[in-house]
Structure formats: C-alpha cells, structure tokens
Amino acid sequence: SSELRFRVVETAFKKKAVEVPTPKERPSEYFGKYVFNKAKMFKYLPDKVYQQLIDAAENGTPLNRNIADAVAAGMQKWAVEMGATHYTHWFHPLTEGTAEKHDAFLEHDGKGGMIEEFSGKLLIQQEPDASSFPSGGIRNTFEARGYSAWDPSSPAFIVDDTLFIPTIFIAYTGESLDYKAPLLKALRAVNKAALDVVHYFNPEVKKITTNLGWEQEYFLVDEGLYAARPDLLLTGRTLMGHESSKNQQLEDHYFGAIPTRVTAFMTDLEIESLKLGIPVKTRHNEVAPNQFELAPVFEECNLANDHNLLVMSLMRKIARQHGFRVLLHEKPFKGVNGSGKHNNWSLSTDTGIILMGPGKTAEDNLRFVTFIVNTLMAVYRHNGLLKASISSATNAHRLGANEAPPAIISSFLGKQLTQVLDHLADSTNDLAGLSGKQGMKLDIPQIPELLIDNTDRNRTSPFAFTGNRFEFRAIGSEANCASAMIALNAALGEQLIIFKKDVDALIEKGEPKISAILEIIRSYIKECRAIHFDGNGYSDEWKEEASKRGLDCETSVPLIFDNYLKESTVKMFESTGVMTRLELVARNEVKWETYTKKIQIEARVLGDLAMNHIIPVATRYQSQLIDNVYKMKDLYPAEKSSLLSSKNLEIIEEIGSRTIFIKEKVDEMIEARKVANVIESEREKAIAYHDNIVPMLEEIRYHIDKLELLVDDQLWTLPKYRELLFIR
Ligand code: ADP
Ligand code: MG
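Looking at an unreviewed UniProt entry, one finds the protein named Glutamine synthetase and attributed to Bacteroides sedimenti. UniProt, in its Sequence similarities (unreviewed entry) section for the protein, records the words "Belongs to the glutamine synthetase family."

So this is what it looks like as structure tokens:
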C-alpha cells in the first residue's frame, strides 16, 4: 500500500548527514596510501627488481619469473603490513563493472598448519572460474578456460582487507575476453604510430602517452525511496513516473537548501579516492536535481580507466554508508537530463608536449594541426564505429532518440581552429621551395599560445575540440571508457600510419618534408570536411544535413553494432594488432545479447508493476469514485446528482480505458517476447527487442503516467519523481 511510500518519504526527510571524520594527515600525505606505487615499490623491492618492474610498467618490457617472485614477495609484505589478508585478480569483463575472486594469502602447509603464500606465479596468472562471464562463444564452458594475467602498468592497491591486482582477462586460446587487453593494445598501437609522426618534428621524443580525463556524472537517491521503486532496483532506471511539474520544482527549492548529506558523501568519496591514488579534483552539481559530477585530473589512459572503474565501485559502496544509492544509469528519469561521462582525450610526449595543443612557433603549430587533422580523419572514417563504441541499451535513452548528443558523430572545432584549417586548405602558395628554417615562416595565422576557444563551448557536439584536447562526450555514465578509448586510439593509430606513408611517398619523390606534410594535410582537411560541424547538433536540420554528408545516422542500437563488423573496421583493428575478426565477432554476440537482456528485464519489470501496482491502485480509486457517484444519487435528485457526478464519471471512464489499454499491451508484450525469445541469431533477437518491445514499453508508460496524475496521491504506492529527485 501507499503506507510504505509515505513512511520512506518521512524517514528520508529526517535523515541527517553522516559525519565524515577529517583525516589526521593532509591530503598530500594520504594520497596513494593504499597503492603499491613507486615509493612503496622502491621500499619493498630489491633495487634490481624495482628497476625492472618500472621498466615493465613504463616501457612494456617483459618480466621474467624470478622478478615476478620478488615482486610478489614485496607486494605481499606491504599488503600484510597494511592489514590485508586476501588478494584478488581484478579484471574488466565484457559486462559493466569489474570482477574479482578473493583468495586468502594463507595456504595449507601440508603439515596441518598454515603458511602465508603469494608467489610470482599467483601474481602473474590465474584461472578464475570465469565460465559465467560473457565470451560470445569463444570460450565454451566445457572446452577451455580463460585466465587473468597481471598488468604491471597499473599498480596494485588495497580495498578493505584485499590486495587488488589489475589484470587482463583472456581465453585459453589467446582471445581477449575483457576491455583491458584490447585497450592496452590500442594504446600501444597509437603510441607507436604517433611516435613515428612526431619524429618529423621532434626527433628527440622517445615516448607518447595517451591521456584520459573523465568526468563522471551520477544521481543520488535516498535508499529508502530507492527500495520502494522496484524498477530502479532491478533496472537502474524508472520505467514510469510523471515528470515533476514546474510548480513542484519551485516548491522544492526548499528541500534543495539542505544538501549536507550529499556534501558528506562527496567528502567521504574524495578522501577514499585520494587514498587509492585517484587524483580527484572537481565536484559540482549538475543540471538535473540530485545529479552531480566528479572529475579527477587527467592521467595515462589505462590508469585513468582503472581509476574510473574503481571510483564507480567506491561510489556504490560509500553511497550506501550515507543512506543513498548512486544511479550510474544514463537515463534514470524521463524528461530529466541524463548522465554522461565526458572523456577528455589527448596525446603527449615524454618531453612534455601536448600534441592536441597549439604551440608558440609555426612549426609547433604545424605539428598541432597534423595531429588535429589526423584525428578528424580517423573520426570521419570510423564515425559509425565510434558511435557503436558508445552505444548500449541504456545510453540509447540519451543519444538520438530522446536527448542529445545526437546519434551522429561529428566534431566541433570552434571559430579559430576552423579558420586555421580553412586557411590551410585554401592556401595556394607554392610551398615546394619551402624547407628547413624557411618552412617555419609558413603562412599559418598566429595561433594564440593559450587555449583556443575554451569559452566557446558547444555542448551539443559529441566530439568537441576544447583547447588542448578533444572531449568525447557521447560516452555513457555507466560505460567502461575503454570501449570508446579502444576504438578512438586504434583508429588514430591506423590513420597516423597512413599519414606517414602518404608523406614519406612525397618525400621520396623529392619533396621537402614540410611541404610534403602540408600537402597531405591540405588534402585531408578537404577529405574529412563532412565530420566538422559547429552548429546545433540537437536540431532536425542537422540530422538531414548529416545524412546528406554521408555520416552514420542509424539510431537502432543493434544495427549500430554492425559497424564493428564492417570490412573497414576489421581491417583497422587487425592492421593495428588491437583485435582480430574472431574477437570482433564474439564481442558483438555479447553486445547483442546484453542489449536483449536489458530490454527483456525492463519489459518483465514494467509488466509486473503495471499489473501488481498500477492497475490495482487505479481500480481502487475508481471504485471510490463509483461509490461516491452512487451516494450522490441517493442524496440528490437525479438531475442534480448527475451534474455533481459528471467529472467523476469522466475520470471513472478514463481510468477504465487506460487500465484496459495497459492490460492489453502487457499481454501483447508478453506474446512479442515469446516470439523474439525463440529467434536464434543474437543479432536478429536484439533487433526484434528493439523494434517491437521498446516501443511497447513507451506506450504502456504513457498511460501509467497519465494515471499517476489522475489517481489520488494518497493511494499511489510508488515514490514519485518529485520525491526521488528533490529529497536529499
Ligand atoms: P569541464 O569544463 O569540461 O568540466 P575540466 O576543466 O573540469 O572541464 O576538465 C575536465 C577534465 O579534462 C579533467 O579531468 C582534466 O584533467 C582533463 N584535461 C585537461 N586537459 C587535458 C588534456 N590535455 N588531455 C586530457 N585531459 C585533459
Ligand atoms: Mg567537460
């Protein structure tokens, strides 16, 4: 009954902020306290072992078994001193989130006692019982096992009583079953290709690093209210609920005035993040009520991604300690701004140059333009794939269908950069004679030393240039950033290899380096113009225009996934050594299956709620009205009573027709699911769910939301939007 709703609302109102003790040390002192970082490696490892581990972490040099034993011993010593009793390989399966299996350091010694054991072998490789993780058919449960393998480039850390060892997860036959393995390969590919290109300008550079700075958006909901919403609990989003009206929003400023519980949560989260070496920096309120954002300072991409996954699990844990639930779903509330995870992305050199940022000299700026234009080419050529890399059943609610960024990948450049590129493309100078020092006097307009267009932000662009980086904004709040980072970095890797070939071919023909670079850049700028769009990405005109330009405008998620199997995609991933065709095929099976499952669960939950909550409550209210109508009849003469009951009679009928519709649709949806469920192809099944079931969810919801407005608030059992969104 609605009693539960009112009780949880009342309890939520009374809740006080949980007190967060201020750490005795300063942030700089507890930063990385729980991480086996360089300082600790230095302290706990023999000199030679330390050197080799750093070399492995930074340059990918293979580690031998003896070294691994020594690392394991040092790591264990530190972990035990910190109070850890268990260790786990930590990996990123093809579902959201992370997986782990905790083992005690203690082992039987075979003589009735116990010994503490953690060898190099256990550090390097394990065989988690991983039959339940999706593999797209690569690893049949009975046929071959998958194993996890240590990633020395991301440091181990302690959570509670367990030492976490970041690992990749691969099939016995070598195919990757996770996000981390292909991410590491993509990073290696782009770093190698970028290094070759940077050497045109800066021969002294030895290493290129990919940077990622993510901005994580999320909602907080009081846990009592959350528990009273089975749809939130089971699907991560509200499958029904009428938008909170303006009036309520104004009234709710009153509630909004006391966000102390949220502040306490944020403080707690920040302290714990810092202890885990995550350089969190900014926090703020977002557009929607009860929506917030957390962002750290950017880091090397693989590490940044591990940190994002870690932060998401910290958020879940810490939110509960504060009586909240964190919602990482991309669209928990209809009609309310959704949550994304902007990925700020750039490449930089070991000499401190940010390759996506302008410099001081003309040559610096030619290098800058080179990387910008190659990025645009990569995004242009693989725009469908990049969209696929961020697509999911949940992110679909943000993209295209209901809310921008649109389901079309384009890139915003801003006025100044646009001018620079246009100028370069149109310049007809005879550059053949330019070389060496003379080449520096290129007619490139002076690009300000500081950030370009940093204020002129176009929030509607999914891939915006923001001064010294690109900001890939289409990523979903719940996603593993690696998916987008794999596609983007691999695509740029491929593109830079092509660029180098094109330029070298001209140089071989005798063209001076600078003019060869310029010539190729000029042709690229013209070739990829279609990807550049600075206008309003939310407008209908853009959809039309983008389709004319030949950009991928597909909005059906199962069909968007086809981009992974296009010949150009397979070629790109295979030529860069990031993924094989077999891996791509298998991963798409997982994507389609995951899509189907998500919609399937939503359909079941909505069907149940409609039948068990909505229809009974609406019918009860309808009966009360009918009762009233009869009493009117007893009390007044016929004419007067029918006048007095006219409105109630209308409502009685409206409830009747809406509940009939809901009941019929729920039955229809069950039938449609039965039909879809027997389809064998995962792709076809996902398409059936997308085409047939998803629209039904919307139709049913429409009528439920109308009933919510009609039915007596006192009877309504599910917490309403105004309660979920404004109580904190
Ligand atoms: P916004 O205005 O979009 O909120 P912020 O200034 O908060 O942007 O920065 C967002 C993220 O971008 C932060 O993680 C920041 O460290 C990161 N960032 C800044 N410069 C770069 C860069 N050159 N490459 C990658 N990430 C960067
Ligand atoms: Mg941003």
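> Sorry, what's going on with the overall build of the protein here?
A tally of regular secondary structure across the protein gives 26 helices and 17 strands. The C-alpha atoms of the protein give a radius of gyration of 29 Å, which matches the 27 Å a tight globule of 728 residues would have. Principal-axis analysis of the C-alpha atoms places the extent of the protein at approximately 105 × 80 × 55 Å. Per-residue burial for the protein yields a buried fraction of 50% across its 728 residues.

> Explanation requested: helix H7 (residues 180-198) in the structure shown.
Residues spaced three or four apart along an α-helix face the same direction, because each turn holds 3.6 residues. With 19 residues, H7 extends 26 Å from end C-alpha to end C-alpha; this agrees with the ideal 27 Å at 1.5 Å per step. For H7, the buried fraction is high: 14 of the 19 residues fall into the buried class.

> Looking at this structure, I do not really get the packing of helix H24 (residues 638-677) against helix H25 (residues 682-710). What am I missing?
Think of two packed helices as two axes; the pair is described by the angle between the axes and how far apart they sit. Following both chains from N to C, one finds H24 and H25 inclined at 165°, their axes separated by 10 Å at the closest point. Here H25 runs roughly antiparallel to H24, going by the angle between their axes. As for the relative orientation of H24 and H25, their crossing is left-handed in sense.

> Just to check I follow, could you spell out the environment of proline 616 for this structure?
If you trace the backbone, proline 616 turns up in helix H23 (residues 581-635). Proline 616 sits in the partly exposed class, given 14 other C-beta atoms within 10 Å. For the pair formed by proline 616 and proline 93, sequence separation is 523 residues and the distance between their alpha carbons is 41 Å.

> What is the right way to read the site of ligand 1 from this model?
In the region of ligand 1, 14 residues are neighbours, and Gly213, Phe298, Asn344, Ser346 and Arg469 sit closest. At the level of elements, strand E9 (208-222), strand E11 (291-296) and strand E14 (341-349) are the ones that each hand at least two residues to the shell around ligand 1. Across the shell around ligand 1, the residue classes tally to six nonpolar, six polar and two charged.

> In this structure, what is going on with the nonpolar core? I would like to understand it.
Counting residues in hydrophobic clusters, the biggest one holds 203 residues, and the most contacted among them are Val71, Leu123 and Met485. When residues in this core are grouped by element, the largest group, 14 residues, is from H23. Dropping the residues within four chain positions of it, methionine 485 is found in contact with Leu183, Ala186, Leu212, Cys301, Asn305 and Asn343.

> Sorry, what's going on with the environment of alanine 304 here?
Relative to the helices and strands, alanine 304 is located in helix H13 (residues 301-321). Sequence-wise, alanine 304 and isoleucine 278 are 26 residues apart; in three dimensions their C-alpha atoms are separated by 8.3 Å. Alanine 304 has contacts with Leu212, Gly213, Trp214, Phe298 and Glu299, leaving out every residue within four places of it along the chain.

> I keep staring at the domain arrangement of the protein and nothing clicks. Help me out?
Interface size is often expressed as the accessible area that is lost when the parts come together. You can read the domains of the protein as domain 1 (20-178), domain 2 (188-579) and domain 3 (594-726). On the side of domain 2, 17 residues touch domain 1, which itself brings 18 residues to the contact. Grouping the amino acids of the side of domain 1 that touches domain 2 by side-chain chemistry returns nine nonpolar, seven polar and two charged.

> What is the right way to look at the packing of H23 against H25 in this model?
At their nearest, the axes of H23 and H25 sit 9 Å apart, and the two run at 25° to each other. By the angle between their axes, H23 is roughly parallel relative to H25. For the pair H23 and H25, the crossing hand works out as left-handed. When its residues are assigned to classes, the contact of H23 with H25 shows 16 nonpolar, two polar and six charged.

> Would you take a moment to explain helix H4 (residues 47-59) for this structure?
For H4, built from 13 residues, the straight-helix expectation of 18 Å at 1.5 Å per residue is met to within 8% by its first-to-last C-alpha distance of 18 Å. When we look at burial in H4, the residues that qualify are Val49, Gln52, Leu53 and Ala56. Projected down its long axis, H4 shows its buried positions confined to an angular sector of 100°, all on one face. In H4, the exposed positions that point more than 90 degrees away from the buried face belong to Asp47 and Asn59. With its phi angle positive at about 70°, glycine 60 sits one or two positions after the end of H4.

> Even after reading the chapter, I still don't get unusual backbone geometry, so can you show me in this structure?
For residues that are not glycine, phi is negative in most cases, and the peptide bond is trans in most cases. Look at aspartate 160: it is not a glycine, yet its phi comes out positive at around 55°. Positive phi outside glycine occurs at asparagine 290, with the angle close to 60°. Residue position: asparagine 290 is located in the loop between strand E10 (280-285) and E11. With 25 C-beta atoms counted inside 10 Å, the residue asparagine 290 sits in the buried group.

> How should I be thinking about the confidence of the model for the protein in this particular structure?
Low-confidence regions, as indicated by low pLDDT, have predicted coordinates that should not be scrutinised in detail. On average, residues of the protein score 89 in pLDDT, and 91% of them are at 70 or above. Low confidence marks residues 250-258, where pLDDT is under 50. Its contacts with residues over four positions away, or in another chain, come to five contacts. Contacts for the low-pLDDT stretch residues 430-441, under 50 throughout, to residues beyond four places or in other chains number 17 contacts. In the predicted assembly, ipTM is 0.97 and pTM is 0.93.

What counts as what
- Residues numbered from 1 in each chain as written.
- Chains lettered and ligands numbered in written order.
- Predicted model: local features only at pLDDT ≥ 70, side-chain atom pairs only at ≥ 80, totals over all residues.
- UniProt positions renumbered as here; feature names shortened; annotations may be inferred.
- Helix = DSSP H or I, 4+ residues; strand = E, 2+ residues; numbered from the N terminus.
- Rg over C-alpha atoms; globule rule 2.2 N^0.38 Å.
- Buried ≥ 20, exposed ≤ 12 C-beta atoms within 10 Å, placed from the backbone.
- Expected span 1.5 Å × (residues − 1).
- Axes fitted to C-alpha atoms, helices over the stretch in contact; angles between N-to-C directions.
- Parallel < 35°, antiparallel > 145°, perpendicular 65-115°, else oblique.
- Left-handed = near helix turned anticlockwise from the far one by under 90°.
- Near = placed C-beta within 6 Å.
- Nonpolar A, V, L, I, M, F, W, Y, C, P; charged D, E, K, R; others polar.
- Core = buried A, V, L, I, M, F, W, Y, C linked by C-beta atoms within 7 Å.
- Contact = placed C-beta atoms within 7 Å.
- Domains from an automatic or database assignment.
- Arc of directions from axis to C-beta.
- pLDDT = per-residue confidence, 0-100.

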